[in-house]
Amino acid sequence: MSGYGISTHGIIDEALRISRRRFLTKVAAAGLATGVPVCTTIAQETQRSSIGEGKGVSLGETLVSYAASLRYENLPEDVIRIAKRTILDTLGCAFGGYTAGPSKIAMKLASDVNSKQAGTILLSGIRTSPDLAVFANGVMIRYLDFNDAYVSQMNGAGHPSDTVAALLTAAELRQRSGRDLITAAVLAYEVYCKIGDVFDYLGHGIDHTTVTGMGAVVGAGKLLGLSPEEIVHAIGITVGGNTATRQGRADTLSNWKAYAAADACRKAIFSVQLARNGMTGPSAVFEGRYGFFKVMSRKPVAPPQLGEPFGIRRAFTKRFPLGQFSQTVAQAAVEARPFFKSPDELLEVNIHASRSAIKIMADGPDKWRPQTHETADHSIPYSAGLALMYGKIDPDYYEDPYLHDPRLLDLVSRIKCLPTDEADKPELANLCELEVVLKSGPRKTVRVEYHRGHFNNPMTDGEMEEKFCLMAQKHLPPDRVDNLLRIIWSVEKEPEVSNLIAATRV
């Protein structure tokens, strides 16, 4: 270009100026540059057309407008409390997954990389590049399949707390406070939950971690202090280049089940770093001619309704270390144990659940004969067999010798999974009716609509602490566990999130 007497930097700067003017014009229309309340204007703006039709303010700009309007001071008290419980539960799960094989792989890769602006890996204290810190933390958080879950209005299911991996590192890099972390967590949940409520990603074979990246990039962008325009570009980079398919959760499952969400968050923070340094991303990435919704759904997608009622309120905590659709199954199986003295007395077990649950966690013979930890903790029949036989579920039950225990597998072979129309209703997405049929003739049924930990049957703070301590005490002495609990419960008073991260160091 220099041969033509034109400065490359001048072209880029001019392009950015033009792009910025266009963006600010649209944002002004959405209320950011006026005295009109932002949340009200967002609702009005998005009601004008379906997202897939490409009219009016784009979804990326709408998300940024909402992010700019969200303030800690305006969050309801119960939402702040839920966010703190989420941070507690997520860090507990990181302790639980710390020594897992996939976590060791992620930490080994991360330890080989140095960075001038480094992120810290939880527990280990390893300092590495921000994206690899996010990745390693994400693997630890996800490995046991014990972190929270969300079932969307479309019956898609996933784990919004996976986004916390990206938020912790983003907060660390910019010395953000505990209040900032809470706000970003509520924001990331809002993006994740509300997009999932309007886009049937499960029905289109798209993995939920694709939506995880969307929540992570908006939350991390806010924490890293990006301008509205830069966050739009970061969203474009993330959504335009990172779509995961459901194959990672079909058939025999691999380590990728623990890696997929971590990878989505890794890409999200990298997208934020790129945008912060001037990289532009695809415009109208959701509703453009070849936008995400146009390509993935082939039809318009309703606009997400951001704000009250907050999506984080409908996320639930797991009582058992297994997939969310097995939570009620495992609880029902435990409650059914008084009906028999030995599993050998059972002729058959009939589990009535939603079609989504069966599609995800009872979709093939591998779920009755799992060969990997990842397949086992994502199997309704195997999880039910464990609970019926032992009355509890421990992560060790997903490894040998249990995976090849003839007596356990014989019991699992007698379990049938049957769809029920009632469980297909979004409000009863986790419904389980478990029937045990005894060889002596009697039939007994246990019905569980909301497992302990569901937002309609929440765990107490004491139960949350008990779950956390169960995993943290394997790595920290009691006084350190107590100190970490104090920090988390009062995290809104922490001047820097790095203090929280440091308190996890083993």
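Every value quoted in this text rests on a predicted model; they were computed, and no experiment measured them.

Enquirer: Could you clarify how one ought to interpret unusual backbone geometry in this entry?
Expert: In most cases, non-glycine residues show a negative phi, while peptide bonds are predominantly trans. Look at the link from Glu308 to Pro309: it is a cis peptide, with omega at -5°. Summarising the element assignment, Pro309 is placed in the loop between helix H12 (292–297) and helix H13 (327–336). Each neighbour pair has its own omega, and for Asp400 with Pro401 the value is 10°, a cis peptide bond. Inspection of the secondary structure puts Pro401 in the loop between helix H16 (380–390) and helix H17 (406–413). For Asp145, which is not a glycine, the phi torsion comes out positive at approximately 55°. Counting through the fold element by element, Asp145 comes out in the loop between helix H6 (130–142) and strand S3 (150–151). For Gln175, which is not glycine, the phi dihedral falls at a positive 50°.

Enquirer: Honestly, the environment of Arg266 in this entry has me stumped. Any pointers?
Expert: In this structure, Arg266 sits in helix H11 (residues 256–276). C-alpha of Arg266 to C-alpha of Ala216: the two residues are 50 residues apart in sequence and 9.1 Å apart in space. If sequence neighbours within four positions are ignored, Arg266 has contacts with Asp131, Val134 and Phe135.

Enquirer: What should I look at first to understand the side chain of Glu492 in this one?
Expert: Structurally, the position occupied by Glu492 is in the loop between helix H19 (478–489) and helix H20 (497–502). Residue classification places Glu492 among the buried positions, given a relative accessible area of 18%. One polar contact links Glu492 to Lys84, side chain to side chain, over a distance of 3.2 Å. With sequence-adjacent residues up to four places away left out, Glu492 is seen in contact with Tyr72, Lys84, Gly178, Arg179 and Ile182.

Enquirer: Quick question: what am I supposed to make of the side chain of Thr209 here?
Expert: When you line up the elements, Thr209 lands in helix H9 (residues 209–223). Here Asp207 takes part through its side chain, which lies 2.6 Å from a polar atom of the side chain of Thr209. When neighbours within four sequence positions are excluded, Thr209 is seen to be in contact with Ala244, Arg249, Ala260, Ala261 and Ala264.

Enquirer: So what exactly am I meant to see when it comes to the sheet that holds strand S6 (residues 415–419) here?
Expert: For sheets, the rule is that strands pair by backbone hydrogen bonds, running either parallel or antiparallel. The strand order across the open sheet built from four strands is S6-S5-S7-S8, with neighbouring strands paired in mixed fashion. Edge strands, defined here as strands with exactly one partner in the open sheet, are S6 and strand S8 (443–448). Ignoring strand direction, the axes of neighbouring strands in this sheet form an average angle of 20°. Taken together, the six bridges between strand S7 (residues 432–438) and S8 define a ladder with antiparallel strand orientation. The residue bridging Leu434 from the neighbouring strand is Val446, located in S8.

Enquirer: I'm lost on the nonpolar core in this one. Help?
Expert: One recurring pattern in soluble globular proteins is that nonpolar side chains are buried together. The biggest cluster of nonpolar side chains holds 157 residues, and the ones touching the most others in it are Ile235, Phe286, Phe468 and Leu500. A per-element tally of this core places helix H8 (residues 178–198) first, with 13 residues.

Enquirer: Hey, could you run me through the pattern of salt bridges in this one?
Expert: If charged atoms from side chains of opposite charge come close, those side chains can pair. Across all of its chains, the model carries 29 salt bridges by this definition. Arg314 is paired through a salt bridge with Asp197; the nearest N and O atoms lie 2.6 Å apart. Of this pair, Arg314 sits in the loop between H12 and H13 while Asp197 sits in helix H8, and the two are 117 residues apart along the sequence. Residue Arg314 is classed as partly exposed on the basis of its relative accessible area, which comes to 22%. Between Lys257 and Asp377 there is a salt bridge, with its nearest N and O atoms 2.9 Å apart. On the criterion of sequence distance, the pair formed by Lys257 in helix H11 and Asp377 in the loop between helix H15 (373–376) and H16 is long-range, its members being 120 residues apart. As far as the burial class goes, Lys257 and Asp377 line up, both buried. The structure contains a network of salt bridges with shared partners spanning Arg142, Asp145, Asp162, Lys257, Lys318 and Asp377.

Here is what the cut-offs are and how they apply
- The residue numbers shown here count from 1 along each chain, following its written sequence.
- Since the coordinates come from a predicted model, pLDDT governs what is reported: local features require at least 70, and pairs of side-chain atoms require 80 or more to be given and counted, while whole-chain, interface and lining totals use all residues.
- Calculation of side-chain values draws on the structure's entire complement of heavy atoms; hydrogens and water are dropped beforehand.
- Secondary structure follows DSSP: runs of H or I at least 4 residues long count as helices, runs of E at least 2 residues long count as strands, and numbering of each begins at the N terminus.
- The contact definition used throughout considers only heavy atoms, calling two residues in contact when any of these lie within 4.5 Å.
- Each residue gets one of three labels from its accessible area relative to the maximum for its type: buried under 20%, exposed over 50%, partly exposed in between, using a 1.4 Å probe on protein chains only.
- Think of a polar contact as two N or O atoms within 3.5 Å of one another; within protein, one of them needs to be a possible hydrogen donor and the other a possible acceptor, and neighboring residues in sequence only count if both atoms come from side chains.
- The rule for pairing is simple: two strands pair if DSSP sees at least two bridges between them.
- For every element, the axis is a line fit to its C-alpha atoms; helices are fit only across the contacting stretch, and the angle between N-to-C directions ranges from 0 to 180 degrees.
- Here, the term nonpolar core denotes a set of buried Ala, Val, Leu, Ile, Met, Phe, Trp, Tyr and Cys residues that are joined through side-chain atoms within 4.5 Å.
- Salt bridge, as applied in this entry: a Lys or Arg side-chain nitrogen positioned within 4 Å of an Asp or Glu carboxyl oxygen.

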